[in-house]
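Structural features, examined
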Amino acid sequence: MAHHKSALKRIRQDEKKRVHNKYYAKTTRNAIKALRNATDKAEAEKMYPEVVAMIDKLAKRNIIHKNKASNLKSKLALQVNQL
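Residues numbered from 1 in each chain as written. Predicted model: local features only at pLDDT ≥ 70, side-chain atom pairs only at ≥ 80, totals over all residues. Heavy atoms only, no water.

Attention now goes to the nonpolar core. Counting 15 residues, the largest nonpolar core has Ile32, Leu35, Val51, Ile55, Ile64 and Leu76 as its most contacted members. For this core, the leading source of residues is helix α2 (residues 41-60), giving six residues. Every residue in contact with Leu76, bar those within four places of it in the chain, is listed here: Ile32, Leu35, Arg36, Tyr48, Val51 and Ile55. (Core = buried A, V, L, I, M, F, W, Y, C linked by side-chain atoms within 4.5 Å. Buried < 20%, exposed > 50% of the residue type's maximum accessible area, 1.4 Å probe, protein only. Helix = DSSP H or I, 4+ residues; strand = E, 2+ residues; numbered from the N terminus. Contact = heavy atoms within 4.5 Å.)

See below:
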């Protein structure tokens with residue numbers, strides 16, 4: 001266990017950030033899943049920009065890697081176009 005005040009504070013901050021990041025990552029994963037399960041092209045085209053914005057925010061904050069974000073967006077775009 002940490003003995004310095006600064007180390008204890010860092011532990012508290014890290015835990016808070018972890019929970020915050022986990023919430024946004026899970027919310028984005030659920031949105032991606034909903035988009036993948038969409039069968040109506042108009043509905044999917046409406047959802048796509050919102051999901052892309054969520055993915056971009058995760059990449060910007062280093063919650064996911066920028067290449068993973070790019071791959072996700074590309075695959076989702078292909079899927080939406082194939083509907």
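Bringing a nonpolar patch on the surface into the picture now. Side chains of Met1, Leu8 and Ile11 sit close together on the surface and give an oily, nonpolar patch of about 330 Å² of accessible area. With respect to the helices and strands, the residue Met1 is situated in the segment before α1 (5-37). Judged by its relative accessible area of 81%, Met1 falls in the exposed class. (Patch = residues over 30% accessible without salt bridge, like charges linked within 9 Å, V, L, I, M, F, W, Y side chains within 5 Å. Areas by Shrake-Rupley, 256 points an atom, 1.4 Å probe, with all protein chains shown as cover. Salt bridge = Lys/Arg side-chain N within 4 Å of Asp/Glu carboxyl O.)

Residue placement: Thr28 occurs in helix α1. A polar atom in the side chain of Thr28 sits 2.8 Å from the backbone oxygen of Tyr24. Setting aside its immediate chain neighbours within four residues, Thr28 contacts Met54, Ile55 and Leu58. (Polar contact = N/O pair within 3.5 Å; in protein donor to acceptor, adjacent residues only side chain to side chain.)

This part covers α1. Between the first and last C-alpha of α1 there are 48 Å, a value that for 33 residues agrees with the 48 Å anticipated at 1.5 Å per step. Within the sequence span of α1, burial applies to Ala25, Thr28, Ala31, Ile32 and Leu35. If you follow the buried residues of α1, they end up packed against α2 and α3 (66-82). (Expected span 1.5 Å × (residues − 1).)

On to the packing of aromatic side chains, then. Taken as a whole and judged by the stated rule, the model has one aromatic pair. Taking the centre distance of 5.0 Å and the plane angle of 80° together, the rings of Tyr23 and Tyr24 count as edge-to-face. Of the residues examined, Tyr24 reaches a relative accessible area of 33% and is grouped as partly exposed. Against the face of Tyr24 rests Arg61, its NZ or CZ located 5.9 Å from the ring centre. (Phe/Tyr/Trp six-rings, centres within 6.5 Å; stacked < 30°, edge-to-face > 60°. Lys NZ or Arg CZ within 6 Å of the ring centre and 35° of its normal.)

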